[in-house]
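Residues per chain, in single letters:
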Amino acid sequence: MDQLPEVQPEQTDGLSDTTSDIWNYVVFVSFVIISALIPIRKRLCRRSTNSKSKQDYVFGAGHISTLAMMLSIARGTLGVISVLGYPSEFFYRGSAMWESLYGVITAYPIVCFVFIPVYFDLGITSVYQYLELRFNSRLVRCLASGTYILRTLLSLGVTIYTPTVALNTIIGVPYWVSLLSITVISIFFNALGGLKAAVAADVIQSLSMTAMLVGIIIYCSITVGGVDKILTISSENDRFAFFNFAADLHLRVTTTSAWLGELFNSLSLLGCQQNFVQRYLSMPTIGQIRRTLMLNIPVVILLFSLPWFVGMAIYAIYWHCDPLKASVIAKMDEILPYFMVDRFDRVPGVWGIFVGTLFNGALTLNISNINSLATVTWEDFLSLVPALRQKSEKHQLNVIKLVGTIYAVLIMGVGFIVGLLSGVIESSMLIISATSGPLLGVFVLAMFIPFANWKGAAIGMVTSHLSILWIVVGRLIESSVSDSLLDTSIEGCYADLMEAQNNASLLIVSLEDGVNAVETSNLLNRIYSITFMYYGVFGTVLTVLSGIVISLATWSSHDAYNMKMLHPAVRWLYSRCPFSGKHFGSFEVGGASSYGGTGKETVPKC
């Protein structure tokens, strides 16, 4: 392969062009302010403070377009983490994680035809109300809500940490200043916005981020000599690792673990998580929900693949001069911000737009999820308090906004400790995988296991949580778990950069056969070193199996429920089974429900 011209990274410690830097700061601040104010402009112009209802805050009052909802769901599926995380993942670990896209695509039709039919006609505000309707148990509902709250808090900590990497690398802004800024703006936006404003912000973010990534790809293609050159460089340096169906559970990522693990994670996110279901239920018909989700598949493919191709493009620029190995950057996630400064430092406004896009992306996702967190907390916990439940709707809305403010501060705290983990992608995947199983498992029990009761559901969730927590803690403290990176080169760097390598070689370990090897000495080590991609699968299976066993052992007539809570297909099959109406004959079909209702899917009184 022809040798590319030497990469000559510019030193960015000082301000080489004051005018250019001023423009960048102006563009950054302007972008964040404009993109934040546009979605809430109508709210700011209203004179009446009573015009916004709780229903409008939570569901957007049903006035959100299909296209806007598509972009919002796609943005929520991928998150701003992908913009920094996927390029660095490709640069230092190859394309194996790219195949998790298979799982995302597979999850969409399952959510359309399995989860949505159960939720749509229930008239619920929190998706976890469904679990109370099904199991007649506030405990199960609270366990599921608590799982969602925990996962979202941890995931958002990673999300708001992501732009701080770019701000610190490019501008030198301390991490705590960035985190505090995102938190303050999130609190303000959440107080005035609601779901409709969050969706509008997601649209702005999706379009701006897509334009930025396409611009990077075009620049790199021109620089290295075409798209085919980008592909050739990645291929010749072993960056492509597709269709690896190895059965070893200890390999970090294979085709099997990427597809299966992401399928379970995506089902838990798209089908069982409040912020997504909240968007589905804001649409007027089930047909529109299905159209939105199915049409969203190509959008997700595009938004998912762009950051990976950016990683390929940047690798084509730095394949013979790795900034991390040369000690120019301190973390692998800094590779894209470094590229922006190295290549566009003297172009007015470019890195300002880049940092503004990342900052605004974290901001909009934070606001959107704070809205959902506050809604779940009110519906599943605070509404139990009689003094609060009897208050006016305006007072309830104020309480929800106050809860959102508290969550914003907690998320900031999580963001301060995220840097201890190995990269934003691994941190995000570890959090999502570890919490997906119990949540998805309890919904599987509710929809598909006719004899599942609240005891089985609760014990199944607790058992799964404790087991996965044990494995995660063991993984984090077990030194034998490898975190190897693919080999990189600094042969094309300046001599002074090569001398600055120092001990950086300790950070890079060559990867044999394109996968991560794991040294294990005993059974516990082998358990701890199981790839995090399977945590969601194991957690779901453990929840379902434990729930089935406990339910069979403890079923009684007090566990009766309205059969309409089951999935329609399961209800149809069960009615034709030989044991229907015999062993579990206390089910009520179409009659009064066991919680004292009239057979209609309404939320039980607390």
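Since the model is a prediction, treat every value here as computed from it, not as a measurement.

Examining unusual backbone geometry
Stage number 1. Positive phi, normally seen in glycine, also occurs at F243, with a value near 55 degrees.
Stage number 2. Look at F243 and you get exposed, because its relative accessible area is 56%.
Stage number 3. The residue S327 is not glycine, and still its phi comes out positive at about 65 degrees.
Stage number 4. As for its placement among the helices and strands, S327 is situated in the loop between helix 14 (286–318) and helix 15 (335–344).
Stage number 5. Given a relative accessible area of 36%, S327 falls into the partly exposed group.

With respect to the state of the cysteines
Stage number 1. Evaluation of the coordinates by the stated rule reveals 1 disulfide.
Stage number 2. Between the sulfur atoms of C321 and its disulfide mate C493 the distance is 1.9 Å. Looking along the S-S bond of the C321-C493 disulfide, the torsion reads about 115 degrees, which is the right-handed sense. Here C493 lies in the loop between helix 20 (454–477) and helix 21 (495–499) and C321 lies in the loop between helix 14 and helix 15, a separation of 172 residues in the sequence.

Re helix 6 (residues 101–119)
Stage number 1. Here helix 6 spans 26 Å end to end across 19 residues, near enough to the 27 Å set by a 1.5 Å rise per residue.
Stage number 2. Of all the bends found along helix 6, the most pronounced is centred on V111 and spans about 45 degrees.
Stage number 3. Looking only at helix 6, the buried set comprises L101, G103, V104, A107, Y108, V111, C112, V114, F115, I116, V118 and Y119.

Observations regarding the packing of aromatic side chains
Stage number 1. Throughout the structure, instances matching the rule amount to 25 aromatic pairs.
Stage number 2. When the ring of F28 is compared with that of F359, the centres are 5.7 Å apart and the planes differ by 85 degrees; the resulting orientation is edge-to-face. Here the residue F28 occupies a position in helix 1 (residues 18–37), and F359 occupies one in helix 16 (residues 350–380), the gap between them amounting to 331 residues. Judged on exposure class, the residue F28 and its partner F359 are both buried.
Stage number 3. With a centroid separation of 6.4 Å and an interplanar angle of 35 degrees, the aromatic rings of F115 and Y119 are classed as tilted. Here the residue F115 and the residue Y119 both occupy positions in helix 6, the gap between them amounting to 4 residues, near one helical turn.

With respect to a nonpolar patch on the surface
Stage number 1. A cluster of nonpolar residues, V462, L466, L469, V473, L476 and I477, forms a patch on the protein surface that exposes about 570 Å² of accessible area.
Stage number 2. Secondary-structure assignment places L466 in helix 20.

Section: the environment of T375
Stage number 1. You can see T375 is positioned in helix 16.
Stage number 2. Distance in space between the C-alpha atoms of T375 and K401 is 8.9 Å, their sequence separation being 26 residues.

Topic: the nonpolar core
Stage number 1. Judged by nonpolar contacts, the single largest core of 159 residues is most densely connected at F115, Y130, L131, Y280, F339, F354 and F443.
Stage number 2. Counting residues per element, this core draws most heavily on helix 14, which supplies 16 residues.
Stage number 3. In this structure, L131 is in contact with N136, V140, R141, A144, V442, F443 and A446, ignoring residues within four places of it in sequence.

Cut-offs applied
- Residues numbered from 1 in each chain as written.
- Predicted model: local features only at pLDDT ≥ 70, side-chain atom pairs only at ≥ 80, totals over all residues.
- Heavy atoms only, no water.
- Buried < 20%, exposed > 50% of the residue type's maximum accessible area, 1.4 Å probe, protein only.
- Helix = DSSP H or I, 4+ residues; strand = E, 2+ residues; numbered from the N terminus.
- Disulfide = S-S within 2.5 Å.
- Expected span 1.5 Å × (residues − 1).
- Bend = angle between axes of the 7 residues up to and from the residue.
- Phe/Tyr/Trp six-rings, centres within 6.5 Å; stacked < 30°, edge-to-face > 60°.
- Patch = residues over 30% accessible without salt bridge, like charges linked within 9 Å, V, L, I, M, F, W, Y side chains within 5 Å.
- Areas by Shrake-Rupley, 256 points an atom, 1.4 Å probe, with all protein chains shown as cover.
- Salt bridge = Lys/Arg side-chain N within 4 Å of Asp/Glu carboxyl O.
- Core = buried A, V, L, I, M, F, W, Y, C linked by side-chain atoms within 4.5 Å.
- Contact = heavy atoms within 4.5 Å.

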